[in-house]
Amino acid sequence: MKNYTKLGFQIPQVLLPKAGTDLTRWAVIACDQFTSQPEYWNDVERTVGDAPSTLRLILPEVYLEKPGEGERIQTTQQAMKTYVDKGLFETYEGLILVERQAAGKTRRGVMLALDLECYDFNKGSQSLIRATEGTILERLPPRIKIRSGAPLELPHILVLIDDPQDTVIGALAARKAAMKKIYDFDLMLGSGHLTGYFSSDPADEQALVSALEKLADPAAFASRYGVSADLGVLLFAMGDGNHSLATAKAIWEQIKLKVGMDHPARYALVEIENVHDAGLEFEPIHRVIFDVREEVITALKRHFGSRLSVETANSAEEMTAAVDSQSGDSQVVGLVTPQGYALVRIQQPETNLPVGTLQLFLDAWLKAGGAARIDYVHGADVVTQLGSQPDNAGFYVPGMDKSDLFKTVVLDGALPRKTFSMGEAKEKRFYMEARRIA
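Residues numbered from 1 in each chain as written. Predicted model: local features only at pLDDT ≥ 70, side-chain atom pairs only at ≥ 80, totals over all residues. Heavy atoms only, no water.

Digging into the packing of aromatic side chains
Phase 1: Across all of its chains, the model carries 13 aromatic pairs by this definition.
Phase 2: Plain terms: the ring middles of F9 and F236 are 6.5 Å apart, the flat faces sit at 90° to each other, and that makes the pair edge-to-face. Linking F9 in strand β2 (residues 9-10) with F236 in strand β14 (residues 236-240), this pair joins segments that are 227 residues apart in sequence.
Phase 3: Since its relative accessible area comes to 1%, F9 is described here as buried. (Phe/Tyr/Trp six-rings, centres within 6.5 Å; stacked < 30°, edge-to-face > 60°. Helix = DSSP H or I, 4+ residues; strand = E, 2+ residues; numbered from the N terminus. Buried < 20%, exposed > 50% of the residue type's maximum accessible area, 1.4 Å probe, protein only.)

This is the structure we're talking about:
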């Protein structure tokens, strides 16, 4: 395995299931999707049946804090050992180019193992690898239980680079005809198609490294973002899977003095994607509140006072259109309750993004006992369907322009948590590749 310490990554040894494995049943969607829709995961169970599957190697978050959680974690780690002992995997050391087709779009990525010594998810970080949104420390313990002692990692982590000329992944994709196709199959439950190409050619590796070196050049970085040359370079920015990478970092910090700096747990396998990829779209992440114990508008008025105004919307379409087209100094979010739809307008907001202003209210309201719990969902249809159910409320928020991501993080630090999503739920990354971490 080749390390590029100054660039914060390693060329990984990737494990893939051997020929003959039913890959449609092998690959399942990221564990943090459809967390309020157990029917989706019931469909996954029926689809997988008793076939080898990454479903047996992960813990879908729909099962967190439910009876049997501890047993599921144990069986997950045991399944990893069983699959390894049975020789299910074959090893690839080199570059894997990933092409994902979903919702009529194709996006590309490359698999790398990021050096956790170069990653800091804390606020104000100047590390080479950074979080793009706030990390919720309370979400780490169950993930730590799953990863601690596990022999394998399976990533759903997507990490972004800011490469307007597409010199890294685009250059590799231009050579895919000369690469070995190592998987090519339809994903389950209407989530599109996945193709992988493998290269062990040193020329491909060197071209990728040289392109990343240019992106990471301090002078070029300072010029690109109009910042001081002594500011830390941001090369890799979190896209999806922020808490999974934070979990890997937390465990590494716990064990590194015992295991030494050459241990495989120092690295985390991720897919790198270009924020400028035409097939990549940023989608907003909406909020759904469950077991509401106080009338929502009353709580909003108490929090925002005279800065708040609420207007009735006649339909979900009218609500979403108003939120998506908003302009001016005020901020607008949509509200869905069993009584209907409304537009919540906030003057003199506390943050630059409506989702950040809303989250400050939600955090305080839930802490005060105004509702039982919150979930973060994708798609207008999901927030309206869940928000309109008895004792629930949904908040529809606008998206952000993906071209603003890097500059915003460089200048302002991490965004409010759950600000954006890289695609709708069914476009999320599927577990496919594995890597040894013990």
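On we go.
Here we look at the sheet that holds strand β21 (residues 371-377)
Phase 1: Read from one edge of the open sheet, six strands run β18-β20-β19-β22-β17-β21, paired in antiparallel fashion. Strands at the two margins of the open sheet, each flanked by one partner only, are β18 (308-313) and β21. Neighbour-to-neighbour, the strand axes of the sheet open up by a mean angle of 25°, direction not taken into account.
Phase 2: Strand direction decides the pairing type here: strand β19 (residues 331-337) and strand β22 (residues 393-396), joined by three bridges, are antiparallel. Looking at β22, one finds that L335 is bridged to F395.
Phase 3: Each of β17 (286-292), β18, β19, β20 (340-346) and β22 touches helix α9 (residues 296-304); the most contacted strand, β18, lies at about 155° to it.
Phase 4: Those strands touched by helix α12 (residues 380-387) are β17, β19, β20, β21 and β22, and its axis lies near 155° from that of β22. (Pairing = 2+ DSSP bridges. Axes fitted to C-alpha atoms, helices over the stretch in contact; angles between N-to-C directions. Contact = heavy atoms within 4.5 Å.)

Overview of the side chain of S244
Phase 1: Structurally, the position occupied by S244 is in helix α8 (residues 242-259).
Phase 2: Judged by its relative accessible area of 18%, S244 falls in the buried class.
Phase 3: With residues up to four places along the chain from it excluded, the contact list for S244 reads R143, H156 and I157.

Details of the pairing of strand β11 (residues 158-161)
Phase 1: Burial along β11 is two-sided: the residues L158 and L160 and V159 and I161 are all buried.
Phase 2: Pairing geometry for β11 and β14, over three bridges, is antiparallel. Directly across from L160, in β14, lies its bridge partner A237.
Phase 3: Judged from the four bridges that link them, β11 and strand β15 (residues 267-274) form a sheet pairing that is parallel. Note on β15: the bridge partner recorded for L160 is E273.

Some words on the pairing of β22
Phase 1: The alternating pattern of β22 places A393 and F395 on one face and G394 and Y396 on the opposite face, and all of these are buried.
Phase 2: One ladder, built from three bridges, connects β17 with β22; its direction is antiparallel. When the bridges of β22 are listed, I289 appears paired with A393.

Re helix α13 (residues 405-412)
Phase 1: Buried within α13 we find L405, F406, V409 and V410. The buried residues of α13 occupy an angular sector of 125° when the element is viewed end-on, so they sit on one face.
Phase 2: Where α13 is buried, its residues touch β9 (129-130), β11, α7 (218-225), β14, β16 (282-284) and β23 (420-422).
Phase 3: G413, located one to two residues past α13, shows a positive phi value of around 90°. (Arc of directions from axis to C-beta.)

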